[in-house]
Amino acid sequence: MKLVRKDLEKDNAGQVTLIPEEPEDMWHTYNLLQVGDSLRASTIRKVQTESSTGSVGSNRIRTTLTLCVETIDFDSQACQLRVKGTNIQENEYVKMGAYHTIELEPNRQFTLAKKQWDSVVLDRIEQACDPAWSADVAAVVMQEGLAHVCLVTPSMTLTRAKVEVNIPRKRKGNCSQHDRALERFYEQVVQAIQRHINFEVVKCVLVASPGFVREQFCDYMFQQAVKTDNKLLLENRSKFLQVHSSSGHKYALKEALCDPAVTSRLSDTKAAGEVKALDDFYKMLQHEPDRAFYGLKHVEKANEAMAIDTLLISDELFRHQDVATRARYVKLVDSVRENMGTVRIFSSLHVSGEQLGQLTGVAAILRFPVAELSDQEDDSSSEED
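Computed from a prediction, not measured in an experiment: that's the story for all the values here.

Caption draft 1: Local environment of the pattern of salt bridges. Here the structure, examined in full by the defined rule, presents 14 salt bridges. A salt bridge links aspartate 73 to arginine 82, with the nearest nitrogen and oxygen atoms 3.8 Å apart. Residue classification places arginine 82 among the partly exposed positions, given a relative accessible area of 30%. Here glutamate 288 and arginine 291 are joined by a salt bridge, their closest N and O atoms 3.3 Å apart.

Caption draft 2: Inspection of the packing of helix H3 (residues 176-196) against helix H4 (residues 213-228) at higher detail. Two elements in contact, H3 and H4, have axes whose closest approach is 10 Å; the angle formed by their N-to-C orientations is 70°. The angle between H3 and H4 places the two elements in the roughly perpendicular class. In this structure, H3 contributes Glu183, Tyr186, Glu187, Val189, Val190 and Ile193 to the contact, and H4 contributes Val213, Gln216, Phe217, Tyr220 and Met221. Here the residues of the contact of H3 with H4 are counted per class, giving 8 nonpolar, 1 polar and 2 charged.

Caption draft 3: A look at the sheet that holds strand S13 (residues 292-294). Ordered by their spatial adjacency, 4 strands build an open sheet running S13-S16-S14-S15, and the pairing between neighbours is mixed. This sheet does not close on itself; its edge strands, each paired only once, are S13 and strand S15 (342-346). Put simply, the sheet's adjacent strands are angled 15° from each other on average, direction ignored. Sitting on the sheet, helix H10 (residues 323-338) is in contact with strand S14 (308-314), S15 and strand S16 (362-366), with an inclination near 150° to S14.

Caption draft 4: Main features of the confidence of the model for the protein chain. On average, residues of the protein chain score 87 in pLDDT, and 91% of them reach the 70 mark or higher. Note that pLDDT drops below 50 for residues 377-385; the model gives that stretch 1 contact with residues more than four away or on any other chain.

Caption draft 5: Region of interest: the sheet that holds strand S9 (residues 146-152). Read from one edge to the other, the open sheet built from 5 strands follows the order S10-S9-S8-S11-S12, with strand pairing classed as mixed. Unpaired on one side and paired on the other, strand S10 (157-164) and strand S12 (240-244) mark the two borders of the sheet. The average undirected angle you get between the axes of adjacent strands in this sheet is 20°. With 7 bridges joining them, strand S8 (residues 137-143) and S9 adopt antiparallel strand pairing. Counterpart to valine 141 in the pairing with S9 is histidine 148. Against the sheet, H3 engages S8, S9, S10 and S12, with an angle of about 150° to S10. Across the sheet, H4 is in contact with S8, strand S11 (204-209) and S12; its angle to S12 comes to roughly 160°.

Conventions we followed
- Residues numbered from 1 in each chain as written.
- Predicted model: local features only at pLDDT ≥ 70, side-chain atom pairs only at ≥ 80, totals over all residues.
- Heavy atoms only, no water.
- Salt bridge = Lys/Arg side-chain N within 4 Å of Asp/Glu carboxyl O.
- Buried < 20%, exposed > 50% of the residue type's maximum accessible area, 1.4 Å probe, protein only.
- Axes fitted to C-alpha atoms, helices over the stretch in contact; angles between N-to-C directions.
- Helix = DSSP H or I, 4+ residues; strand = E, 2+ residues; numbered from the N terminus.
- Parallel < 35°, antiparallel > 145°, perpendicular 65-115°, else oblique.
- Contact = heavy atoms within 4.5 Å.
- Nonpolar A, V, L, I, M, F, W, Y, C, P; charged D, E, K, R; others polar.
- Pairing = 2+ DSSP bridges.
- pLDDT = per-residue confidence, 0-100.

Printed below as a string of structure tokens:
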């Protein structure tokens, strides 16, 4: 998705102009649209014309309309999006208040205006427009003293950091300068990895080099991670894959990506993280039910106790017609993030999203047991009896 323009006021009212570039962008657009929004896009309208002789004909004319959105229809198989609404801006071909349907298409610009842009919608725009969010693969291409930290998307390779350190040669009987410089180099590469690689999105980190540089670097990185109890690196250790490359320059990445071990590893889907989160929730529900809640009321109560470690929520809930209900879900997400919890927004198009939908669409894994909730429910129900 390409962000052309973003004009937001202090109260978060305003408009954004976007160009969807891939089929998946149509899904993002569907999740951005709500009833009552204003949508401006080019469309084709059948217009009747009368000639000087009185004969009536009809022409198909491309024009730009601004609609107040009333119904949104998304075909997930064809990735087509149709938006129906009433015309709210004067147009020579379409009367004010007349109904029209706009079919949004890839590579065709549209402008969406809202009275209130909330955090969930703004996050989605950021994800859709930032190529790093679609980069499932990260790579560190290195040689002694030179490293490139890259993100690999389906359409491009983005260099996020270049690390250069002068490494003195080993001298006979004295390697201390060489070793110190090498350690400083490795440390800077580790910092670049932590700063630029989003392990929630990336499913594989290639470490490519000539010789034994990659092995020595990975040994150093994980020894340091154990010493400093770096959970981010230790939990994602299985994602690191060592491969050969002819140098530490960016062009050498192509060889690494052609390695058969890499191609088989990349066959995993991006949804694997969602599947794991849901699996963790079911395990918790089975073994420690006081640390696994689902249903909006229960999850909100757990959030009040600041007990939520991971919130699992379906993107379907943010398309709710009722503004107050939608705002309630947005408030929950914002609150969990403020309390340093992790928020996973599931796509209702994935199997894991469908499963979560069967559990009301909202669930939470808690940091600590909150048994009082179920007790309170029992007390209140017995009082009602």
